[in-house]
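# Summary of the model geometry
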Amino acid sequence: MSPRRIFVAALATETNTFSPIVIDRRAFEASLYAPPGRHPATPTLCTAPVTVGRRVCAERGWELIEGTAAWADPAGLVSRGAHESLRDEILDQLRAALPVEAVVFGLHGAMVAQGCLDPEGDLLARAREIVGPGVLICAELDPHSHLTAKRVAAADFFVAFKEFPHTDFVDRAEDLWRIVADTLDGRVRPVMCVHDCRMIDVFPTSRQPMRGFVDTMMAIERDDPKVLSLSAIHGFMAGDVPEMGTKMIAVTDGDADLGARLARELSERLFANRGHHIMPAMVETEAVARAMAAEAGPVVIADMWDNPGGGTAGDATVLLRELLAQGATGVAVGTIWDPIAVQLCSVAGEGAEMPLRFGGKSAPMTGEPLDAMVRVLSVVPDAEMRFGESRVPFGPAARVALLREDGSETGIEVILNTVRAQSFDPSLFSVMGIEPSARKILAIKSTNHFYAAFAPIAARIIYCSAGKPYPNDPATNPYRLVRDDIWPRCENPFGGET
Ligand SMILES: [Zn+2]
């Protein structure tokens, strides 16, 4: 008997449709672009189905046919050329791979392209057309995604990361492949049920009530052999698409009634806690005052909405201006994106003192550019920080001290970067010559992914909502396409129903 043949590919990014930064093919190539067989041994966020699939298939003697894997760091719309060329590249590879018994994708699920509101639904539907109804199609998703009806119709099942921060993307790829293997071996028959929570919220699992919710999902999976996988699709509020919102997925072994009941019950629990999942935040005036009053440092202030990981530029100056206005000292800011300012500092060289205008250029409501006398303290051409096992580049980067008019230091230093990057890890400071644990205040740009690495060194963590770099209030965001009958865009989306 010839070995089973399975096709795997990945196509992923997260699109903030309000961001001015368009993604082209070069942006994928700068983040991850791996033609067949060229994917590295370690996975990026959305490509674990490739690396886990290699191991699973090798163990069973199955043939894994690898297609392209591509990931671009979150930003704005994907250009039509990039979207269609990557999609068609993968679909051509699938056609060439036939016959296959399963198609496994690593997707993010929040991509939006020029001229296409549902690229993942489009990819899955075209893949279904190519392989026909009898072949298993499944994907791993980021929970910050849009679960459209087109995707659900085209695929057999989805598995999403449960944790936010997404520490479990490899574990969930293992779940995905376990269900694939059990299905092909005839041990299970996956049936997917979806329930619409009719809401949008932010669901950090590092705190309650979402911590308990994830624990409940895992306990049900463990205790009920009929339940193959449970996923909460959080939704992604920066994506202005018609089907944006929170959804529950239940994948059972042939038991649609059980799946529908679980998806509904878990949805009701999320809806009952609406508004209580998000981390409590302070505006910048209060955040800075509290940080300055703290007895011990470092106090980490997360500029939670100017997060390049959510597609923003990462050049907002609102929090930095407040630090200056209140006279905070012992401050390190990491980072503010400004390639031009980095260029000027690099040419001037370490030790140079110069007037510098930086930040606040990319979008309205992110503060004005800041004019300051600065001293260039260090320039690092290839700066990178750790993120778990992987490394995230953000250089060339420059570290500058902000000076008063008399040339004395204000006690505030800023790291300016060239490659947009979320502040994942304190190593972003140490690579620039700053000992992070010795500073009173660390101001960083991240919504929640920073938490795992910064919590061990932080005396206190403050989530700060400063300015409006990101569409962070779904009740008032200027959506054109998002439906109005979801909470908090309406108070009671279920009307008279219970
Ligand atoms: Zn996510």
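Residues numbered from 1 in each chain as written. Predicted model: local features only at pLDDT ≥ 70, side-chain atom pairs only at ≥ 80, totals over all residues. Heavy atoms only, no water.

What follows deals with the packing of aromatic side chains. According to the stated counting rule, one finds nine aromatic pairs in the structure shown. Geometrically, the ring pair formed by Phe271 and Phe494 is edge-to-face, given 5.1 Å between the ring centres and 80 degrees between the ring planes. Here Phe494 lies in the segment after β19 (460-464) and Phe271 lies in helix α8 (residues 256-272), a separation of 223 residues in the sequence. The buried category is assigned to Phe271, whose relative accessible area is 14%. Here the aromatic cluster, defined as three or more aromatic residues joined through ring pairs, consists of Phe450, Tyr451, Phe454 and Tyr463. (Phe/Tyr/Trp six-rings, centres within 6.5 Å; stacked < 30°, edge-to-face > 60°. Helix = DSSP H or I, 4+ residues; strand = E, 2+ residues; numbered from the N terminus. Buried < 20%, exposed > 50% of the residue type's maximum accessible area, 1.4 Å probe, protein only.)

Taken together, the protein ligands of the zinc ion are Asp142 (OD), Asp142 (OD), His144 (ND1) and His166 (NE2), with distances of 2.0 to 2.6 Å. Taken together, the four donor atoms surrounding the zinc ion define angles of 54 to 148 degrees at the centre, an arrangement classified as irregular. Taken in chain order, the donor set of the zinc ion reads D-x1-H-x21-H. Residue His144 is found in the loop between β5 (136-141) and α5 (149-154), and its partner His166 is found in the loop between β6 (157-160) and α6 (169-184); the two are separated by 22 residues along the sequence. A single burial state applies to His144 and to His166, both of which are buried. (Donors = N, O, S within 2.8 Å, 3.2 Å for Na, K, Ca; no water. Tetrahedral: all angles 85-135°; square planar, octahedral: opposite > 155°, others 65-115°.)

Read from one edge to the other, the open sheet built from eight strands follows the order β12-β13-β16-β17-β11-β18-β10-β19, with strand pairing classed as mixed. Of all strands in the sheet, those bounded by a partner on one side alone are β12 (353-358) and β19. Strand after strand, the sheet turns through a mean of 30 degrees between neighbouring axes, direction not considered. Both strand β13 (residues 370-380) and strand β16 (residues 397-403) contribute to a ladder of seven bridges, which runs antiparallel. From the neighbouring strand, Ser378 faces β16, where its bridge partner is Arg399. Of the strands in this sheet, β10 (299-303), β18 (441-444) and β19 are in contact with helix α9 (residues 284-293), which crosses β19 at around 165 degrees. Across the sheet, helix α11 (residues 339-348) lies against β11 (331-337), β12, β13, β16 and β17 (409-417), angled at about 170 degrees from β12, the strand it touches most. (Pairing = 2+ DSSP bridges. Axes fitted to C-alpha atoms, helices over the stretch in contact; angles between N-to-C directions. Contact = heavy atoms within 4.5 Å.)

We now examine the nonpolar core. Within the largest apolar cluster, 76 residues are counted, with the highest numbers of intra-cluster contacts made by Ile6, Phe7, Phe28, Phe105, Phe157, Trp177 and Val180. The dominant element in this core, judged by the number of residues it contributes, is α6, at eight residues. Apart from residues no more than four positions distant in its own chain, Ile6 is found in contact with Cys57, Trp62, Glu63, Leu64, Ile65, Ala102, Val104, Trp177, Val180 and Leu184. With 39 residues, the next largest nonpolar core counts Ile200, Ala302, Met304 and Ile434 among its residues. (Core = buried A, V, L, I, M, F, W, Y, C linked by side-chain atoms within 4.5 Å.)

To continue, consider the domain arrangement of the protein chain. According to the domain assignment, the protein chain consists of domain 1 (5-272) and domain 2 (284-464). A straight line from the C-alpha centre of domain 1 to that of domain 2 covers 34 Å. On the side of domain 2, 12 residues touch domain 1, which itself brings 14 residues to the contact. Interface area, domain 1 with domain 2, both sides summed: about 1100 Å², of which 63% is carbon and sulfur. Of all residues in domain 1, Ile21, Pro74 and Pro165 give up the largest surface area on contact with domain 2, accounting jointly for 35% of the area buried on that side. (Domains from an automatic or database assignment. Buried area = accessible area lost by both parts, 1.4 Å probe.)

Taken as a whole and assessed by the stated rule, the structure comprises zero disulfides. As a non-bridged cysteine, Cys46 has Cys138 as the owner of its nearest cysteine sulfur, 15 Å distant. Relative accessible area serves as the criterion here: at 1%, Cys46 is assigned to the buried category. No disulfide involves Cys193; its nearest neighbouring cysteine sulfur is the one of Cys197, lying 14 Å away. Note on Cys193: relative accessible area 11%, which makes it buried. (Disulfide = S-S within 2.5 Å.)

So, on to the pattern of salt bridges. One pass over the full model with this rule turns up 43 salt bridges. Of the charged contacts in the structure, one is a salt bridge between Asp168 and Arg172, with a shortest N-O distance of 2.7 Å. According to the relative accessible area criterion, Asp168 is buried, its value standing at 4%. A relative accessible area of 7% places Arg172 in the buried class. The residue Asp175 makes a salt bridge to Arg178 at a minimum N-O spacing of 3.1 Å. Of this pair, Asp175 and Arg178 both sit in helix α6, three residues apart, roughly one helical turn. Judged by its relative accessible area of 42%, Arg178 falls in the partly exposed class. (Salt bridge = Lys/Arg side-chain N within 4 Å of Asp/Glu carboxyl O.)

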